[in-house]
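Overview (structure and organization)
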Amino acid sequence: MSNLALCAAVVTGFIVLLRTQSPRVYDIVINHMTALWYKTVLERIPSGSRVLDIGIGTATALLTNAELLVDRDIMVRGVDFTKAYAEAASKNAERVFGAGERVKVVYGSVYDTVLLKELAEGKRRSTRLTPAKAKGGEFDAVYFSGSLA
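Residues numbered from 1 in each chain as written. Predicted model: local features only at pLDDT ≥ 70, side-chain atom pairs only at ≥ 80, totals over all residues. Heavy atoms only, no water.

**What to know about the pattern of salt bridges**
Note the following rule: Every case where a carboxyl oxygen of Asp or Glu lies within 4 Å of a side-chain nitrogen of Lys or Arg is listed as a salt bridge. Secondary structure follows DSSP: runs of H or I at least 4 residues long count as helices, runs of E at least 2 residues long count as strands, and numbering of each begins at the N terminus. The cut-offs for exposure are 20% and 50% of the maximum accessible area for each residue type, with area from a 1.4 Å probe on protein chains only; residues under the lower value are buried, those over the upper are exposed, and the others partly exposed.
By the definition in use, this model includes three salt bridges. Between R102 and D73 there is a salt bridge, with its nearest N and O atoms 3.2 Å apart. Here R102, found in the loop between α4 (83-97) and β3 (103-107), pairs with D73, found in the loop between α3 (66-71) and β2 (75-80); they are 29 residues apart in sequence, far enough to count as distant. Taking relative accessible area as the criterion, R102 reaches 15% and is therefore assigned buried.

**With respect to α4**
For clarity, the cut-off: A helix's residues, less one, multiplied by 1.5 Å, set its expected span. Directions from the helix axis toward the C-beta atoms define the arc.
The terminal C-alpha atoms of α4, which comprises 15 residues, lie 21 Å apart, in line with the 21 Å expected from a rise of 1.5 Å per residue. Those residues of α4 lying buried are Y85, A86, A88, A89, N92 and A93. Taken down its axis, α4 places every buried residue within 165° of arc, on the same side. Exposed positions of α4 whose direction lies more than 90 degrees from the buried face are K91 and R95. Directly beyond the C-terminal end of α4, a positive phi value near 70° is found at G98.

**Topic: the pairing of strand β1 (residues 50-54)**
Stated precisely, the cut-off is as follows: Strands were regarded as paired on the criterion that DSSP finds at least two bridges between them.
Taking burial as the measure, the five residues of β1 include five buried ones, the bulk of the element. Burial along β1 is two-sided: R50, L52 and I54 and V51 and D53, pointing in opposite directions, are all buried. Both β1 and β2 contribute to a ladder of five bridges, which runs parallel. By the bridge assignment, V51 is partnered in β2 with V76. Sheet topology note: the β1/strand β4 (residues 141-144) ladder contains four bridges and is parallel. Within β4, the position partnered with V51 by the bridge is A141.

**Topic: the environment of I45**
The test is simple: Two residues form a contact once any of their heavy atoms are found within 4.5 Å.
Residue position: I45 is located in the loop between α1 (3-44) and β1. When its relative accessible area of 12% is taken as the criterion, I45 is described as buried. Expressed as a C-alpha distance, the spacing of I45 and A141, which sit 96 residues apart in the sequence, is 7.5 Å. Other than its neighbours up to four places away in sequence, I45 contacts V51, R72, I74 and A141.

These values are about where atoms sit, not about what they do.
What follows is the structure, given as structure tokens:
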């Protein structure tokens, strides 16, 4: 096998790995750094806050701080434009919090103003995103870190 063919095979294998296992790769690479970011933010926002998490990823870093979310009564509505991440985040949140309203995630774009309004008002049609603490369809804080928009 030539060097070029070997290089092409390695790159192809890497791309296949990323496409099929991207949520796992994301967690391995990103989680350690962003879990601390979440903790820092969650400790500073007021108790009882409703947070919009833009680019929530797999929610693994957020859920590392699950005890803090409960202790401070913080509700999170997450959005991610990568379907595999949004699906993984939904499963992870349900695994940690059950079918409760603490963390809910949807697949979509932060530029979709209808989606954001529905998230704030708890009217998202395809999921169970009810407003845990309705405040006129608004969020108290928006978390956006480590995402490319």
